[in-house]
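# Summary of the model geometry
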Amino acid sequence: MAAGRRMLRPHLRRVRRGLRENWQLKILAVVFAVVLWLFVVGEREAEIGLIVPIDLRNIPSGTVVAADVEREAQVRVTGPQTRLASLSPDQVKVSVDVSGASPDHPIRVRLTPSAVTLPSGINLVRLTPPEIEVRLDPITRRRVPVEASIVGAPEAGLEVKGWRVEPPAVDIVGGTEAVARIEAVRTVDVDVAGAVADLEREVPLEAPAAGVRLDGPAVVQVQVRIGRDEP
């Protein structure tokens, strides 16, 4: 028995020496293992909803999508809480092919799970609406007048006598229906508060309605005539 204890003593000394050496690293390893275990065990599945734009692909040349066509989808997804906490709408893609549509032939397109692209580890639960109607308008061009937006009042005893814009008209381009609804393009506000003489300003134009763009200068010269306030 005594001989056995003598044989064990060197081994016990090595064990005690091993425990004393690098004890900080050993504690750190244990803490890391506990944190990792809590993370894995504590991860929960969750569900959230997102509103994402619908990407309409392969729009036929010479046409645009009508302004009243549904362009957003509601997507409900599930996944780990930590993944969903950082998930943003731009990471989810909903895209459909509309090459079969034409101005004379609207089409109804089903929104199926295959239309949705999700990050790895995220799963689709529901996609609404189930379908959308796609109508196309021919692209058209129209020249419309430019109206100056004059705000403020000149110095007491003076008034705005008139204004002139150069160029006086600009071209707009877009779907036939949307372009037809636009009678004029306005400038941003030209403030004449406290003016004592004629003003000349270079000012940008306001953006037209959605689906319509300016085709030409986006900045114009506005001349405002200031004169005596005559009774």
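Before reading further, recall that the structure is shown in the block above.
In this report, we go over the structure that sits alongside the text. (Residues numbered from 1 in each chain as written. Predicted model: local features only at pLDDT ≥ 70, side-chain atom pairs only at ≥ 80, totals over all residues. Heavy atoms only, no water.)

## Considering the environment of P168
- Counting through the fold element by element, P168 comes out in the loop between strand 10 (158-166) and strand 11 (169-175).
- It is 9.3 Å that separates the C-alpha atoms of P168 and Q221, two residues lying 53 residues apart in sequence.
- Dropping the residues within four chain positions of it, P168 is found in contact with P145 and V146. (Helix = DSSP H or I, 4+ residues; strand = E, 2+ residues; numbered from the N terminus. Contact = heavy atoms within 4.5 Å.)

## As for the sheet that holds strand 7 (residues 123-128)
- With mixed pairing, the 5 strands of this open sheet are ordered in space as 6-4-1-3-7. At either end of the open sheet lies a strand with only one pairing partner, and these are strand 6 (116-117) and strand 7.
- Where strand 3 (residues 72-80) and strand 7 come together, 5 bridges link them in antiparallel fashion. Its bridge partner lying in strand 7, R76 is registered against R126. (Pairing = 2+ DSSP bridges.)

## Remarks on the pattern of salt bridges
- A complete count under the given rule lists 13 salt bridges for this structure.
- We note a salt bridge from R164 to E166, for which the minimum N-O separation is 3.5 Å.
- By relative accessible area, R164 is classed as partly exposed at 47%.
- A single network of salt bridges, built from pairs that share partners, joins R141, R143, D171, R213 and D215. (Salt bridge = Lys/Arg side-chain N within 4 Å of Asp/Glu carboxyl O. Buried < 20%, exposed > 50% of the residue type's maximum accessible area, 1.4 Å probe, protein only.)

## Let's talk about the layout of surface pockets
- Computed from the structure, the largest pocket encloses a volume of approximately 160 Å³.
- Among the residues making up the lining of the largest pocket, the classes are represented as 6 nonpolar, 1 polar and 1 charged. (1 Å grid on protein atoms, 1.4 Å probe; cavity = no way out; pocket = protein on both sides within 12 Å on 5 of 7 lines; lining within 4 Å. Points joined across faces, edges and corners; volume = space filled by probe spheres on them. Nonpolar A, V, L, I, M, F, W, Y, C, P; charged D, E, K, R; others polar.)

## Some remarks on the pairing of strand 9 (residues 136-151)
- As defined by bridge partners, strand 2 (residues 63-65) adjoins strand 9 across 3 bridges and the pair is classed as antiparallel. Bridging across to strand 9, V65 finds its partner in L136.
- Where strand 9 lies against strand 11, 7 bridges are found, and the strand directions are antiparallel. Bridging from a neighbouring strand, R142 pairs with I172 of strand 11.
- Note: strand 9 against strand 12 (residues 185-191), 5 bridges, orientation parallel. Across the sheet, residue E147 finds its bridge partner in strand 12, namely R186.

## Overview of unusual backbone geometry
- The linkage connecting T128 with the following residue, P129, adopts the cis geometry, with an omega of 0°.
- Relative to the assigned elements, P129 resides in the loop between strand 7 and strand 8 (131-134).
- At the junction of E166 and P167, the peptide bond is cis and its omega measures out at 0° in the coordinates.
- Relative to the helices and strands, P167 resides in the loop between strand 10 and strand 11.
- At N58, a residue that is not glycine, the phi angle is positive and equals roughly 60°.
- On the secondary structure map, N58 appears in the loop between strand 1 (45-57) and strand 2.

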